[in-house]
Amino acid sequence: MKKKLSFILAAIMAVSMLAGCGGAASGSESESASAPAGESSSVSESTEKTPAAKDLKVHVFYYDYSDIYISSVRTEMDKQLKEMGVEVKNWDGGGSQPTQTDQVKTAITAGADLLIVNIVETSTSDPAKDIVEAARAKDIPVIFFNREVADNEVINSYEKCAFVGTNAPDAGHMQGEMIGNFLKENFDKTDLNGDGKISYVMFKGQEGNAEAEARTQYAVEDANKLLTEAGKPELDYYDAGASTKYLVDTAGKWSAQAANDYMVSLLGSYNEGNNNMVELIICNNDGMAEGAISALQNVGYNKGVQDGKELSVNIPVFGVDATDSAKALIKAGSMTGSIKQDAIGMATTINTLVKNVQDGAELMANTDQFTVDSDVDKIRVPYQMYDGASEG
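Scoring rules and cut-offs
- Sequence order sets the numbering: in each chain, residues are counted from 1 along the sequence as written.
- With pLDDT at 70 or above as the cut-off, local features in this predicted model cover only qualifying residues; side-chain atom pairs require 80 or more to be listed or tallied, and sums for whole chains, interfaces and linings still use all residues.
- Excluding hydrogens and water, the side-chain values take into account all heavy atoms of the structure.
- Going along the chain from the N terminus, every DSSP run of H or I of four or more residues is numbered as a helix, and every run of E of two or more is numbered as a strand.
- Burial classification: accessible surface area is computed with a 1.4 Å probe over protein chains only, and a residue below 20% of its type maximum counts as buried, one above 50% as exposed, and the rest as partly exposed.
- Only the protein chains shown count as covering a residue, and every accessible area follows the Shrake-Rupley method with a 1.4 Å probe.
- Pairs of N or O atoms are called polar contacts if they sit within 3.5 Å, as long as, within protein, a hydrogen donor faces a hydrogen acceptor (for residues adjacent in sequence, only side-chain-to-side-chain pairs).
- Two residues qualify as a contact provided that any one of their heavy atoms is within 4.5 Å of a heavy atom in the partner residue.
- In a helix, the anticipated span is given by 1.5 Å times the number of residues less one.
- To form a nonpolar core, buried Ala, Val, Leu, Ile, Met, Phe, Trp, Tyr and Cys residues must be joined to one another through side-chain atoms within 4.5 Å.
- Should DSSP find at least two bridges between two strands, the strands are taken to pair.
- Within a predicted model, pLDDT stands for the predictor's per-residue confidence, ranging from 0 to 100.
- Paired rings are identified among Phe, Tyr and Trp, the last through its six-membered ring, by centres lying within 6.5 Å, and are further divided according to the angle between planes into stacked (under 30 degrees), edge-to-face (over 60) and tilted (the rest).
- Consider the ring centre and the ring normal. A charge sits over the ring if Lys NZ or Arg CZ is within 6 Å of that centre and within 35 degrees of that normal.

1. Points about the overall build of the protein chain
Here is step 1: Scanning the protein chain for helices and strands turns up 10 helices and 17 strands.
Here is step 2: Relative to its 392 residues, the protein chain shows a buried fraction of 51%.
Here is step 3: In the form shown here, the protein chain has an accessible surface area of approximately 17300 Å², with 50% of it arising from carbon and sulfur atoms.

2. Points about the side chain of R380
Here is step 1: Looking at the secondary structure, you find R380 in strand 16 (residues 378-380).
Here is step 2: Of note is the side chain of R380, whose polar atom sits 2.9 Å from the side chain of E148.
Here is step 3: Here D373 takes part through its side chain, which lies 2.9 Å from a polar atom of the side chain of R380.
Here is step 4: In this structure R380 touches E148, F163, G165, T166, N167, T371 and D373, once residues within four positions along its chain are discounted.

3. Comments concerning helix 6 (residues 210-229)
Here is step 1: Its 20 residues give helix 6 an end-to-end C-alpha distance of 28 Å, which sits within 8% of 28 Å, the value for a rise of 1.5 Å per residue.
Here is step 2: Its side-chain oxygen placed 2.9 Å from the backbone nitrogen of E211, N209 serves as the N-cap of helix 6.

4. Considerations on helix 2 (residues 68-83)
Here is step 1: Across its 16 residues, helix 2 extends 23 Å between first and last C-alpha, which sits within 8% of the 22 Å expected from 1.5 Å per residue.
Here is step 2: Taken as a whole, helix 2 has its buried residues at Y69, I70, V73, R74, E76, M77, D78, Q80 and L81.
Here is step 3: If you check the start of helix 2, you find a side-chain oxygen 3.0 Å away from the backbone N of Y69, and it comes from D67.
Here is step 4: One or two residues past the end of helix 2 sits G85, with phi positive at roughly 75°.

5. A closer look at the nonpolar core
Generally speaking, nonpolar side chains in soluble globular proteins are found buried as a group.
Here is step 1: Among the nonpolar cores identified, the biggest contains 85 residues, and I116, F203, L235, I281 and V354 are the most heavily contacted of them.
Here is step 2: Considering each element in turn, this core owes the most residues, 7 residues, to helix 10 (residues 343-358).
Here is step 3: I281 has contacts with V201, F203, M263, A292, L296, I315, P316, V317 and F318, leaving out every residue within four places of it along the chain.
Here is step 4: Among the nonpolar cores identified, the runner-up in size contains 23 residues, and V104, A112, V142 and C161 belong to it.

6. Brief notes about the pairing of strand 6 (residues 161-165)
Here is step 1: Counting buried residues in strand 6 gives 5 out of 5 residues, a clear majority hidden from the surface.
Here is step 2: Burial along strand 6 is two-sided: C161, F163 and G165 and A162 and V164, pointing in opposite directions, are all buried.
Here is step 3: Both strand 5 (residues 142-145) and strand 6 contribute to a ladder of 4 bridges, which runs parallel. Directly across from I143, in strand 6, lies its bridge partner A162.
Here is step 4: The sheet contact formed by strand 6 and strand 16 spans 3 bridges and is parallel. The residue bridging F163 from the neighbouring strand is K378, located in strand 16.

7. A word on the confidence of the model for the protein chain
Here is step 1: With 85% of its residues at a pLDDT of at least 70, the protein chain reaches an overall mean of 89.
Here is step 2: Scored below 50 in pLDDT, residues 1-37 shows 36 contacts in the model against residues more than four places distant or in partner chains.
Here is step 3: Of the regions scoring below 50 in pLDDT, residues 41-53 engages in 35 contacts with residues more than four places distant in sequence or in other chains.

8. Observations regarding the side chain of N209
Here is step 1: Mapped onto the secondary structure, N209 falls in the loop between strand 7 (199-204) and helix 6.
Here is step 2: Exposure remark for N209: the relative accessible area of 0% places this residue in the buried category.
Here is step 3: At 3.5 Å, the side chain of N209 and the side chain of T122 are in polar contact.
Here is step 4: Looking at N209, its side chain comes within polar contact range of the main-chain nitrogen of E211, at 2.9 Å.
Here is step 5: Not counting the four nearest positions on each side in its chain, N209 is found in contact with T122, R147 and W254.

9. Examining the environment of G287
Here is step 1: For G287, the position within the fold is in helix 8 (residues 286-298).
Here is step 2: A relative accessible area of 7% means that G287 is categorised as buried.
Here is step 3: G287 sits 27 residues away from N260 along the chain, and the two C-alpha atoms are 9.9 Å apart.
Here is step 4: Discounting residues that sit within four places of it in the chain, G287 has contacts with I68, W254, S255 and A256.

10. Quick look at the packing of aromatic side chains
Here is step 1: This model, assessed by the stated rule, comprises 8 aromatic pairs.
Here is step 2: The interplanar angle of 75° and the centroid separation of 5.8 Å between the aromatic rings of F182 and F318 together place this pair among those described as edge-to-face. One end of the pair, F182, is in helix 5 (residues 168-190); the other, F318, is in strand 13 (residues 317-321), and 136 residues separate them in sequence.
Here is step 3: Assessed through its relative accessible area of 1%, F318 is described here as buried.
Here is step 4: A ring pair is formed by Y200 and Y237, whose centres lie 5.2 Å apart and whose planes are at 70°; its orientation type is edge-to-face. Note that Y200 is positioned in strand 7 and Y237 in strand 8 (residues 236-237), a separation of 37 residues in sequence.
Here is step 5: Overall, Y237 belongs to the buried group, its relative accessible area being 6%.
Here is step 6: One aromatic cluster in this structure is built from Y200, Y237, Y238 and Y270.
Here is step 7: The ring of Y65 is capped by R74, whose NZ or CZ atom sits 3.7 Å from the centre of that ring.
Here is step 8: One residue, K232, lies across the ring of F187, its end atom 5.1 Å from the ring centre.

Structure representation (structure tokens):
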């Protein structure tokens with residue numbers, strides 16, 4: 001049905017252009033008014049547009065500008081859209097779904113041609129469904145990205161809807177493999193109190209988020225599998241009385257501040273002086289890893305490596321995203337490893353769909369080079385392990 005509609009639309013566009021004056025499409029007009037709160041505007045003009053190209057008004061909604069990985073995606077998105085000659089407005093949801101929903105409605109009223117949404121709320125499908133319904137009413141395509149939305153309730157409910165993200169379990173599996181292999185080689189060194197077990201803490205970004213759930217589960221499960229296969233005990237959560245084996249960012253922002261606050265607090269009771277030091281830190285993202293490292297450094301740990309020599313005891317810290325700042329910490333020896341979530345690849349994949357809309361093609365055209373789910377229009381950008389040994 002999608003393909004049939006796209007052929008009909010293409011034919012109509014071709015007839016319209018033959019009947020018209022034949023001139024090239026006009027360029028985008030720069031806006032002089034300042035953007036409303038939560039919105040930034042970046043307007044570009046292409047001088048080499050074909051007559052078939054459409055001057056798109058694209059609105060991109062980010063769940064929170066403060067997220068380091070999301071900021072890297074935004075930077076790359078802006079760069080690529082500028083090169084495409086696309087008019088783009090960015091919106092900062094500030095971690096608030098009501099704010100983001102209002103922003104989407106404002107953009108639709110303002111005449112948006114395409115909505116690209118990094119949804120805030122992931123524990124329920126209702127906000128994403130509301131956005132789809134608002135877009136459908138105005139026949140506006142929607143691309144969700146990064147934060148998983150439901151297959152049938154959201155993506156399959158509208159022909160002009162797609163998702164670009166990752167396969168959530170992969171990051172957890174890769175992180176677990178990296179942790180397990182590291183500990184097999186460094187078990188005794190990591191076991192600071194010599195009790196034959198590795199005490200760990202897990203920093204979880206958000207309850208109900210598919211990525212957070214998968215990373216939290218599989219990082220520990222897969223590490224334990226490798227450890228037991230090697231004849232070593234499973235990881236031991238630092239607080240034996242805890243009802244859950246993780247500490248969650250209650251604001252849902254996966255923030256460095258949340259991890260730092262937790263780490264500062266727990267170091268008051270769990271430390272080498274009390275012979276119960278946390279010996280491994282697992283984080284759902286690099287922002288939380290950086291917050292934890294900051295707390296460790298404030299009490300003398302994780303000072304890194306210089307000339308092949310450790311400057312202090314370095315507690316192994318693992319994250320996800322391989323942001324530039326995390327890479328710098330890994331290179332310095334203050335952080336052990338991360339799982340690369342490709343910001344450039346994410347932006348490039350999204351903008352392949354933007355180009356389709358710009359050219360009047362089907363939303364999921366030209367995606368043969370990507371990994372696409374078999375029963376829903378979801379594209380998966382692959383993860384990679386990152387330990388500083390290479391830039392791969």
